[in-house]
Amino acid sequence: MLLTAHELERYRRHIILPELGHEGQLKLKQASVLIIGTGGLGSPVAMYLAASGVGHIGLVDFDVVDLSNLQRQIIHRTSFVGQQKTWSASEALREINPHVRLSVFDHPLNRNNALEIIQQFDIICDGTDNFATRYLINDACVLAGKFNVFGSIRQFEGQVSVFGSPDGPCYRCLFPEPPEPGTVPSCAEAGVLGVLPGVIGTLQATEVIKQITGIGAPLVGRLLKYDALAMHFGEVKFRKDPDCACCGDSPSITELVDYEAFCGAQQQWGHAEEVSAAELLQLISDSTNQLTLIDVRAPFELLEGEIEGAINIPMDDIPDRMNDIPKEGPVVVFCHLGMRSRHVINFLKKEGFSNLINLTGGIAAWQALTDNP
Ligand code: ZN
């Protein structure tokens, strides 16, 4: 593989760097990077890696672009609100650099598909925002022997590190156990400064480029911490833990496990009042969840579309058919827009049900998510 005259011109500022040079640019062209999440972190990672000439980029995201994303997810445009994020991101990356080959995975990463997807790429970039997926990515990268360039953000602070190198530690060496469910609020709950993922994601992209080209000192065994308010960078050194359940001397994790249960997310969902359409898709895609779906619309409304596997109990029939609704395991109740189902849940709670979850936005939100091109 060679660089074309056009590429030599495009990457001139790279090629004149003695440390990188023609050889480094060729390594970038031959490299493949999987970016998990095309949100706040995935945006700068994908845009800079595409601009830098990484030959093959994979994008994993199952969500659609929301208006509230645009404050920080700079790969997405206002005109793409409501579109699949992987599609929106691909459009932007093709415009930045048409030489990049793109692979798109627009379904949630889970224990059934993670290894197969990760094995197709040289380096993995974690741009996700929940603990279950973070542990899933870590374990899959250790099992597959892949570098995992990790970033996380919340409010005004961020962290970066590189896991999965042959002699270096993994995420579990640093955090063997996930935090108690509900103790660490997500960005959606706690907020995040819009430029923060720009800083952290750009640091992740830097580590990817260094790793591919073999230059500099990698951020292995070091957790870089950034505080935007104090404008301060700090570093915590940590070692590979010989007792680590994943990368230790006698690991107990030899295959991917149930990460929702490990992180308590399943229990959390079990007590949640509401799920978004995207969260429901994640719940359904993980086959370990014994999920029941109850559609409370009138029969004539079913012509407008259904969610596969849902049981139709029209709202008016609920008092007579309560025995058809399980009292254990998560039960997601939905209608057209999420109002009637909320009334049904309020009614059933008085009848002793404590496992009911409302689908926010109803089947309309579900169809907006799943019917996208
Ligand atoms: Zn470890």
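The coordinates are above.
In short, a report on the structure.

**Observations regarding the packing of helix α13 (residues 277–285) against helix α15 (residues 362–370)**
One can describe the packing of α13 onto α15 by two numbers: an axis separation of 9 Å at closest approach and a directional angle of 75 degrees. Taken together, α13 and α15 sit at an angle that is classed as roughly perpendicular. Taken together, the residues of α15 that come into contact with α13 (itself represented by Ala-277, Ala-278, Leu-280, Leu-281 and Ile-284) are Ala-365, Trp-366 and Leu-369. By residue class, the composition of the contact of α13 with α15 is 8 nonpolar, no polar and no charged.

**Here's the deal with the coordination of the zinc ion**
Those protein atoms acting as donors to the zinc ion are Cys-170 (SG), Cys-173 (SG), Cys-244 (SG) and Cys-247 (SG), and they sit at 2.3 Å. Coordination at the zinc ion is tetrahedral: its 4 donor atoms span angles of 93 to 124 degrees at the metal. Each donor residue of the zinc ion belongs to the same chain, with the gaps between them written as C-x2-C-x70-C-x2-C. Of the two residues, Cys-173 is situated in helix α8 (residues 171–174) and Cys-247 in the loop between β8 (232–237) and α11 (259–262); the sequence distance between them amounts to 74 residues. Among the residues examined, Cys-173 registers a relative accessible area of 12% and is labelled buried.

**Re the packing of aromatic side chains**
For the coordinates displayed, the defined rule picks out 10 aromatic pairs. Between Tyr-135 and Tyr-171, the ring centres sit 5.0 Å apart and the planes meet at 70 degrees, which makes this aromatic pair edge-to-face. Taken together, the residues span a long stretch of sequence, with Tyr-135 in helix α7 (residues 131–144) and Tyr-171 in helix α8 at a distance of 36 residues. Each member of the aromatic cluster is reached from another via a ring pair, and the members are Tyr-135, Phe-150, Phe-163, Tyr-171, Phe-175, Phe-238 and Phe-262.

**Re the pattern of salt bridges**
Between side chains of opposite charge, a pair can form when the charged atoms approach closely. Tallied over the full model, the rule gives 12 salt bridges. The shortest N-O distance in the salt bridge between Arg-222 and Glu-235 comes to 3.1 Å. Linking Arg-222 in strand β7 (residues 222–227) with Glu-235 in strand β8, this pair joins segments that are 13 residues apart in sequence. Residue Glu-235 is classed as partly exposed on the basis of its relative accessible area, which comes to 37%. Salt bridges linked by common partners bring Arg-222, Glu-235 and Lys-237 together as one network.

**Brief notes about α15**
Three or more residues of α15 are buried, namely Gly-362, Ile-363, Trp-366 and Leu-369. In a view along the axis of α15, the buried residues occupy a sector of 115 degrees, so they form one face of it. Contact partners of the buried residues in α15: α13, β12 (331–334) and β13 (356–359).

**Let's talk about the sheet that holds strand β5 (residues 147–154)**
Read from one edge to the other, the open sheet built from 8 strands follows the order β3-β2-β1-β4-β5-β6-β7-β8, with strand pairing classed as mixed. The sheet terminates laterally at β3 (101–105) and β8, the two strands that pair on one side only. Taken over all neighbouring pairs, the strand axes of this sheet differ in orientation by 15 degrees on average, direction set aside. Relative to β7, strand β6 (residues 157–163) runs antiparallel, the two sharing 4 bridges.

Definitions and cut-offs
- Residues numbered from 1 in each chain as written.
- Predicted model: local features only at pLDDT ≥ 70, side-chain atom pairs only at ≥ 80, totals over all residues.
- Heavy atoms only, no water.
- Axes fitted to C-alpha atoms, helices over the stretch in contact; angles between N-to-C directions.
- Helix = DSSP H or I, 4+ residues; strand = E, 2+ residues; numbered from the N terminus.
- Parallel < 35°, antiparallel > 145°, perpendicular 65-115°, else oblique.
- Contact = heavy atoms within 4.5 Å.
- Nonpolar A, V, L, I, M, F, W, Y, C, P; charged D, E, K, R; others polar.
- Donors = N, O, S within 2.8 Å, 3.2 Å for Na, K, Ca; no water.
- Tetrahedral: all angles 85-135°; square planar, octahedral: opposite > 155°, others 65-115°.
- Buried < 20%, exposed > 50% of the residue type's maximum accessible area, 1.4 Å probe, protein only.
- Phe/Tyr/Trp six-rings, centres within 6.5 Å; stacked < 30°, edge-to-face > 60°.
- Salt bridge = Lys/Arg side-chain N within 4 Å of Asp/Glu carboxyl O.
- Arc of directions from axis to C-beta.
- Pairing = 2+ DSSP bridges.

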